[in-house]
Amino acid sequence: MISQLTPTLFWDTDISSISETEHAAFIIQRVCMLGTWNDWLLLKAGYGLQKIENELLNARYLDQKTLNYFSILFNIPKDKFRCSFFQPSAQKHWTY
């Protein structure tokens with residue numbers, strides 16, 4: 001399945017070193033935040049909605065748009081996602 005996904009999703013890693021079972025959380029997060037519709041369909045067919053839901057609930061980081069979308073899709077409040085409790089380590093710019 002990973003060879004069929006958009007290659008630019010994994011620009012920073014060697015695709016041949018990624019295991020679909022061991023690195024499922026990494027693959028799911030990348031596709032959900034940055035993937036195309038075809039990537040989503042492949043992901044859903046490969047892992048199933050239950051696995052995707054579990055991995056996203058335990059993700060340490062999801063951008064706000066992704067968090068909002070999957071909160072609505074799975075009908076789960078945003079505060080149930082693990083990422084809603086973690087703040088990004090990079091601080092925002094000062095407002096002058």
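Everything below is about the structure printed above this text.
Residues numbered from 1 in each chain as written. Predicted model: local features only at pLDDT ≥ 70, side-chain atom pairs only at ≥ 80, totals over all residues. Heavy atoms only, no water.

(A) Examining the overall build of the protein more closely. Looking only at helices and strands, one finds 4 helices and 0 strands in the protein. Reading the helices (α) and strands (β) of the protein from amino to carboxyl end gives α-α-α-α. A buried classification covers 32% of the 96 residues belonging to the protein. In the protein, the proportion of contacts linking residues at least 24 apart, taken out of those at least 6 apart, comes to 38%. Of the roughly 6900 Å² of accessible surface on the protein, 55% is carried by carbon and sulfur atoms. (Helix = DSSP H or I, 4+ residues; strand = E, 2+ residues; numbered from the N terminus. Buried < 20%, exposed > 50% of the residue type's maximum accessible area, 1.4 Å probe, protein only. Contact = heavy atoms within 4.5 Å. Areas by Shrake-Rupley, 256 points an atom, 1.4 Å probe, with all protein chains shown as cover.)

(B) Summary view of the layout of surface pockets. Its volume calculated, the largest pocket comes out at about 230 Å³. Mapped onto the lining of the largest pocket, the elements with two or more residues apiece are helix 1 (24-34), helix 2 (37-47) and helix 4 (64-73). In the lining of the largest pocket, the residues fall into 8 nonpolar, 3 polar and 2 charged. (1 Å grid on protein atoms, 1.4 Å probe; cavity = no way out; pocket = protein on both sides within 12 Å on 5 of 7 lines; lining within 4 Å. Points joined across faces, edges and corners; volume = space filled by probe spheres on them. Nonpolar A, V, L, I, M, F, W, Y, C, P; charged D, E, K, R; others polar.)

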